[in-house]
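Structure at a glance
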Amino acid sequence: MNYRIEYLPRERWKGELVPIGYTTDDYFDVSVTQSPAGFAVSFEKKPFPAPVTHSPEEYDFPDRLYADWWDGAEAYGVVLDGRLAAAIELWYEEWSNRLRVTELWVSEPLRGQGVGHALMDIAREHAIRDGCRAVMLETQSCNTNAIGFYLHEGFTLIGFDACAYHNHDLARREVRMEMGWFNPAVSGRKPSSPRKEQA
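Overview of the structure.

Rules behind the numbers
- Residues numbered from 1 in each chain as written.
- Predicted model: local features only at pLDDT ≥ 70, side-chain atom pairs only at ≥ 80, totals over all residues.
- Heavy atoms only, no water.
- Helix = DSSP H or I, 4+ residues; strand = E, 2+ residues; numbered from the N terminus.
- Rg over C-alpha atoms; globule rule 2.2 N^0.38 Å.
- Buried < 20%, exposed > 50% of the residue type's maximum accessible area, 1.4 Å probe, protein only.
- Contact = heavy atoms within 4.5 Å.
- Areas by Shrake-Rupley, 256 points an atom, 1.4 Å probe, with all protein chains shown as cover.
- Lys, Arg positive; Asp, Glu negative; His and termini not counted.
- Charge placed at Lys NZ, Arg CZ, Asp CG, Glu CD.
- Pairing = 2+ DSSP bridges.
- Expected span 1.5 Å × (residues − 1).
- Phe/Tyr/Trp six-rings, centres within 6.5 Å; stacked < 30°, edge-to-face > 60°.
- Lys NZ or Arg CZ within 6 Å of the ring centre and 35° of its normal.
- Core = buried A, V, L, I, M, F, W, Y, C linked by side-chain atoms within 4.5 Å.
- Axes fitted to C-alpha atoms, helices over the stretch in contact; angles between N-to-C directions.
- Arc of directions from axis to C-beta.

**Let's talk about the overall build of the chain**
Along its length, the chain carries 4 helices and 9 strands. Going residue by residue from the N terminus, the α and β elements of the chain occur as β-α-β-β-β-β-β-α-β-α-β-α-β. Against the compact-globule benchmark of 16 Å for 199 residues, the chain has a radius of gyration of 18 Å, which places it among compact chains. Dimensions of the chain, computed from the C-alpha atoms along their principal axes, are close to 55 × 40 × 30 Å. The proportion of buried residues among the 199 residues of the chain is 41%. Restricting the contact set of the chain to residue pairs at least 6 apart, pairs at least 24 apart contribute 65%. Total accessible area computed for the chain in this model is approximately 11,300 Å², and 52% of it derives from carbon and sulfur atoms. In the chain, which carries 21 positive and 30 negative side-chain charges, the distance between the mean positions of the two groups comes to 4 Å.

**Section: the pairing of strand E9 (residues 176-182)**
A large share of E9 lies buried, amounting to 5 of its 7 residues. Two elements, strand E8 (residues 156-161) and E9, share 5 bridges in a ladder whose sense is antiparallel. Residue pairing across strands places Thr156 opposite Gly180, the latter belonging to E9.

**Comments concerning helix H2 (residues 115-130)**
One turn of an α-helix holds 3.6 residues; hence residues three or four places apart share an orientation. Along its 16 residues, H2 runs 23 Å from first to last C-alpha, staying within 8% of the 22 Å computed at 1.5 Å per residue. Looking at H2, one finds that the buried residues are Val115, Gly116, Leu119, Met120, Ile122, Ala123, Arg124, His126, Ala127 and Asp130.

**A closer look at the packing of aromatic side chains**
Following the criterion strictly, the structure yields 6 aromatic pairs and no others. Geometrically, the ring pair formed by Trp70 and Trp91 is tilted, given 5.0 Å between the ring centres and 55° between the ring planes. Here Trp91 lies in strand E5 (residues 83-93) and Trp70 lies in the loop between strand E3 (38-54) and strand E4 (74-80), a separation of 21 residues in the sequence. Residue Trp70 shares its accessibility class with Trp91, and that shared class is buried. Against the face of Trp13 rests Arg12, its NZ or CZ located 3.8 Å from the ring centre.

**What to know about the nonpolar core**
With 29 residues, the main nonpolar core has Ile88, Leu90, Val101, Leu119, Val135 and Phe155 as its most contacted residues. Sorting the residues of this core by element identifies E4, E5, strand E6 (98-106), H2, strand E7 (134-140), helix H3 (144-152) and E9 as the ones contributing at least two each. The element contributing the most residues to this core is H2, with 6 residues. Trp13, Val18, Tyr66 and Trp70 belong to the second largest nonpolar core, which has 13 residues in total.

**Re the environment of Gly114**
Among the structural elements, Gly114 can be located in the loop between E6 and H2. Each C-alpha atom, one on Gly114 and one on Arg12, is 26 Å from the other, the two residues being 102 residues apart in sequence.

**Focus on the sheet that holds E7**
Ordered in space as E1-E4-E5-E6-E7-E9-E8, the 7 strands form an open sheet in which the pairing is mixed. With one partner strand each, in any of the chains shown, strand E1 (5-8) and E8 form the two edges of the open sheet. Shown here is a sheet whose adjacent strand axes are inclined to one another by a mean of 30°, direction ignored. Sheet strands in contact with H3 are E6, E7 and E9, and its direction is about 165° off that of E7.

**Focus on H3**
Within the sequence span of H3, burial applies to Thr144, Ala146, Ile147 and Tyr150. Angular distribution of buried residues about the axis of H3 spans 155°; they occupy a single face of the element. Of the exposed residues in H3, those oriented more than 90 degrees away from the buried face are Asn145 and His152. Positive backbone phi, approximately 95°, marks Gly154, located one or two places after H3.

Remember that the coordinates give geometry; whether it matters functionally is a separate question.
Structure representation (structure tokens):
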């Protein structure tokens, strides 16, 4: 299937639902232990007893493009027959000079065709162009397919939040993971060049 990635203008795509959902057979069991010497954290891959599905319908705030709290975000994607078929949304975190991927989604018919890789290339290109020191994103410890994809794209674990979604995320086996890709040309908070606004 042929596709073209294009800029998605805010005035046309604000509020567009990004139906992120997945089914998984396994998860990373996150454990935190404390001792007099400090803390130890481990992520061990384990199978679920049965496949687990997460869908947009289970969340109070489903993912949408150009949410108000991502002021200044830019989105790119694939539009087929007037409908969104894939998208990435990027937001510049000025205080830390990092670029956050706030949304990444590829519809089922486009999966396995390099669309996800092409969208991630856009994020890396923006980071390099604008002198951002890193690209970062959020995923869940039970979304092992996504984690594998991000690792393949050169991302690594940069942190986690054990109570991002509920007070019992560790027991629920759905822990927020932060992953990041580092721009080899920039290491500090101050951008090496001013950001360019989308034309």
